[in-house]
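In case you want the letters, here they are:
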Amino acid sequence: MYHKTKGSKEASLDPFVKEGGNSMKKFMAFVMVVIMIFSCMTGCGASKKEEEVIKIGSVWGLTGAEETQGQICSKAVQYAVKVVNDNGGINGKKLEVVEEDYQSDTTVIVEKTQKLLLEDEVTAIIGPAMLSGIQAMIPTVEENDGLAICPIPFTGEMDSDNTVFTGGCLYTQLEGMVKYMQENYGKKVFIVGSDYSYPVRISAYVQAIVEENGGEVVGDEYLPIGETDCSTVINKIKNSGANYIIHSCVSDTIYAFHQQVIDYGLTESGVGIGTLITTETDAASLGKTLEGTYSAYNWFNCMENEMSKEFVEGFKKEYGEEEAAKLNGNAECCYTSILLLAEALKNTDDYSAASLREAMGKIEIDSPQGKFSLNPDQYYYANTYSLMVEWDDKGNPSLIDISEKPIDAQPYPTLLYPDGKTE
Amino acid sequence: MLGVQVIGGLYAAALILIAALGLVIIFGNMNIINLAHGEFLMVGAYVLWVSYQQWNIPFALSLVLSFLVTALLGAALQVLIMKHFSNKIEETLLVTYALSMILKQIVRMIFGTVTKRVDSPFGDAKLSIGELVMPYYNLFVIIIAVVLVLLTFLLFYKTSVGKKMRAIKQNRQMAECLGINTATVDIVSFAFGTGLSGLAGAVIAVSSVVSINMGTDYMIDGICTVVMGGLDSLLGTSIAAGLIGETTSILGGYISEVMAKVVVLFVIVVILRFRPQGLFAKESR
């Protein structure tokens, strides 16, 4: 320690060493200049590369409660981007996906959205598959003037200048399902759901539709998210005398609920079960417990049109049969959303949120569910078909009802909003 | 309605008890709050799915396999990792949390994200008496819970290794001085605890589902039960499981299930306010 101090003092007084210090400064300055030049060159290279691609953010809960839906939606987005790029891209440019896993955590999605918009500078963000995730994401998208493409069937009642809702309105699907169940099972309905905003909104819609059609809501219960003991609520359903159930249970509760309505003899007694939640993704696991139950959505893999078959076959080639069997309405919606976005990008030079949104609202495209368009007069919600299927004992859907044409979006249905949306 | 809820509550209590057993044994004997408990439970469920559902190994044997595989996994982790954190409760929290993440990711990589189902060994058979309908499997779960508690008591009070576990729990240094190989007994304790967690997962898998996140809810229920019963008390845990299961089930019949859970958690908070050591623990925390 002593020698070092002494040495350094001596060095500072030594003229040769001092000369050497200047050399060192010059050398350091040279190194700094070289680094700066390289930085500029790298920067130029990056911006040139950026010009060749158009980035799209893709944010899903690839882990946690959303992961089953998140994984299939993520693949559908990747596949759609591949289809667009294989068909020439966007005026010579390629689409590129920047994917983020928000871990099904609504606090993480804010951070991921900021990263996508500010660091990656994506043109638009697609995802996630849960309403709670979308609700958490939208304020950040608005603050940074981004565009969020929300690809799940929507409860409505949400609008922003920075969103398009490509999944359509649940009201469209619910109206058809409630009428069908009432005609075939009876007038008394029991509503069950997981305890968060989406099932609560579904319940409000169902109650309004049931009362409008002369039916009766005999129960309305919520289970904690992920609850797997449904015995108490099933006992309540039995005691209520319900003719049919509309359920919107999510996560592991879907599987437990379908199994336990059989275990506790509810289906034996002729109670019908309808849902907007259960899709092909869950069907693989649910198997025979789904038999005789109904689902409504805007697309099922049993649709027979050419584009639907092409979508399923193409996806199968890319990801294999097992993954293709999980394709559901959410995944189809992601695929269709990217096709719509690609068309909008071709028709606009300005990739700002406002221009893109406006361009997306002017286009009608062919999609696996049929003709697809957004409704600019209804806050850019999609006009979607209404489909209903019955499941067999192998978890395969068979179509029992489909609307003749896409039904106009109703994010604020007159049944609940007789005076229209009020600010 | 009340009678049906009370019987239903027995089943709920049995599930909670099975899920909490591994947790209380590992804490009681080793002072480790095992945050990977839910993931050992999940691993046990996957073992049952592979052995019973995929390989058609008889159900009883598959349950034994679930216990053995998770016990071996626990023993390996004790030898490789946990022994280095003996009596360091804060560090073990972090280590077991990391283990939980690692186990989840490994299972995700092997089995994917699709939820699995396991068929009941009793099929759709159920007991029907008046308003009461209960699948035979639920009765089986209640019996299994009682048997597991009795076996655990026997292990602790009637076997040589059980006496050594209790001796170490009372005074580790004195036990070492008396020639007890504490390292070996720790391996047995941790393996037995994780094995019970795995067995719990296997039992739960049939009436629930097999999924990567299935352990999380049971982990929370397990911690509530163990804290309420007393962190090192097997008897306390058994009684707390009964109280929580029955209260949730009976209240759930009259108010919403979410509110029933809120009320139960509130009652636990009140109990801990006046008995911070839990209902039956001997030592105060």
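So, here is what we can say about the structure in this document.

### Some details on the sheet that holds strand β15 (residues 397–402) of chain A
Residues and elements named next belong to chain A.
Then, number 1: Read from one edge to the other, the open sheet built from seven strands follows the order β7-β6-β8-β9-β10-β14-β15, with strand pairing classed as mixed. Lying at the two open borders of the sheet, with one neighbouring strand each, are β7 (216–223) and β15. Direction aside, the axes of adjacent strands within the sheet are offset by 25° on average.
Then, number 2: Relative to strand β10 (residues 294–297), helix α6 (residues 170–185) is tilted by about 155°, and along the sheet it contacts β8 (244–248), β9 (272–275), β10, β14 (387–391) and β15.

### Here's the deal with the pattern of salt bridges
Then, number 1: Scanning the entire structure with this criterion turns up 23 salt bridges over all chains.
Then, number 2: When the shortest N-O distance is used, the salt bridge between E227(A) and K261(B) registers 3.3 Å. Of the two residues, E227(A) is situated in the loop between β7 and α8 (231–240) and K261(B) in helix α11 (residues 257–274); the pairing between them involves two chains.
Then, number 3: Given the relative accessible area of 12%, E227(A) is considered buried.
Then, number 4: Look at K261(B) and you get partly exposed, because its relative accessible area is 27%.
Then, number 5: In this structure, a network of salt bridges that share partners links the residues E100(A), K112(A), K115(A) and D120(A).

### Focus: the interface of chain A and chain B
Then, number 1: With 37 residues of chain A at the contact, the number on the chain B side is 35 residues.
Then, number 2: Viewed at the interface, chain B and chain A are joined by three salt bridges.
Then, number 3: Here E67(A) and R108(B) are joined by a salt bridge, their closest N and O atoms 3.0 Å apart.
Then, number 4: Linking chain A with chain B are 16 residue pairs in polar contact (both at pLDDT 80 or more), by the criterion used here.
Then, number 5: Top contributing element to the side of chain A that touches chain B by residue count: helix α9 (residues 252–263) of chain A, with seven residues.

### A closer look at the side chain of D101(A)
Then, number 1: Topologically, D101(A) is positioned in strand β2 (residues 94–101).
Then, number 2: Only 2.8 Å separates the side chain of D101(A) from the backbone nitrogen of L62(A), close enough to count as a polar contact.

### What about the packing of aromatic side chains?
Then, number 1: Counted by the stated rule, this structure contains 29 aromatic pairs over all chains.
Then, number 2: Seen in terms of ring centroids, Y412(A) and Y417(A) are 5.4 Å apart; in terms of plane orientation they differ by 85°. Their pairing is edge-to-face.
Then, number 3: Taking 5.1 Å as the distance between ring centres and 75° as the angle between the ring planes, the aromatic pair formed by Y52(B) and F59(B) counts as edge-to-face. Take Y52(B) and F59(B): they sit in the same class, and that class is buried.
Then, number 4: Taken together, the aromatic side chains of Y79(A), W299(A), F311(A), F315(A), Y319(A) and Y335(A) make up a single cluster linked through ring pairs.
Then, number 5: Taking NZ or CZ as reference, K116(B) lies 4.8 Å from the ring centre of W49(B), over its face.
Then, number 6: The ring of F274(B) has R273(B) sitting right over it, with the charged end atom 5.0 Å from the ring centre.

### As for helix α8 (residues 182–207) of chain B
Because each turn of an α-helix spans 3.6 residues, side chains separated by three or four positions end up pointing in the same direction.
Then, number 1: The end-to-end C-alpha separation of α8(B) is 38 Å, in line with the 38 Å expected for 26 residues at 1.5 Å each.
Then, number 2: Most of α8(B) sits out of view: 22 of its 26 residues are buried.

### What to know about the pairing of β14(A)
All names here are of chain A.
Then, number 1: Counting buried positions along β14 yields four of five residues, so the element is predominantly enclosed.
Then, number 2: In terms of strand pairing, β10 meets β14 through four bridges, oriented antiparallel. Residue pairing in the sheet places S295 in a bridge with V389 of β14.
Then, number 3: Examined bridge by bridge, β14 and β15 share five bridges and lie antiparallel to one another. In the strand pairing of β15, V389 is matched with L399.
Then, number 4: The loop that links β14 with its antiparallel partner β15 comprises five residues; one of these, G395, has a positive phi angle of about 80°.

Cut-offs applied
Residues numbered from 1 in each chain as written. Chains lettered and ligands numbered in written order. Predicted model: local features only at pLDDT ≥ 70, side-chain atom pairs only at ≥ 80, totals over all residues. Heavy atoms only, no water. Pairing = 2+ DSSP bridges. Helix = DSSP H or I, 4+ residues; strand = E, 2+ residues; numbered from the N terminus. Axes fitted to C-alpha atoms, helices over the stretch in contact; angles between N-to-C directions. Contact = heavy atoms within 4.5 Å. Salt bridge = Lys/Arg side-chain N within 4 Å of Asp/Glu carboxyl O. Buried < 20%, exposed > 50% of the residue type's maximum accessible area, 1.4 Å probe, protein only. Polar contact = N/O pair within 3.5 Å; in protein donor to acceptor, adjacent residues only side chain to side chain. Phe/Tyr/Trp six-rings, centres within 6.5 Å; stacked < 30°, edge-to-face > 60°. Lys NZ or Arg CZ within 6 Å of the ring centre and 35° of its normal. Expected span 1.5 Å × (residues − 1).

Everything listed here is a matter of coordinates, which is why it stays silent on function.
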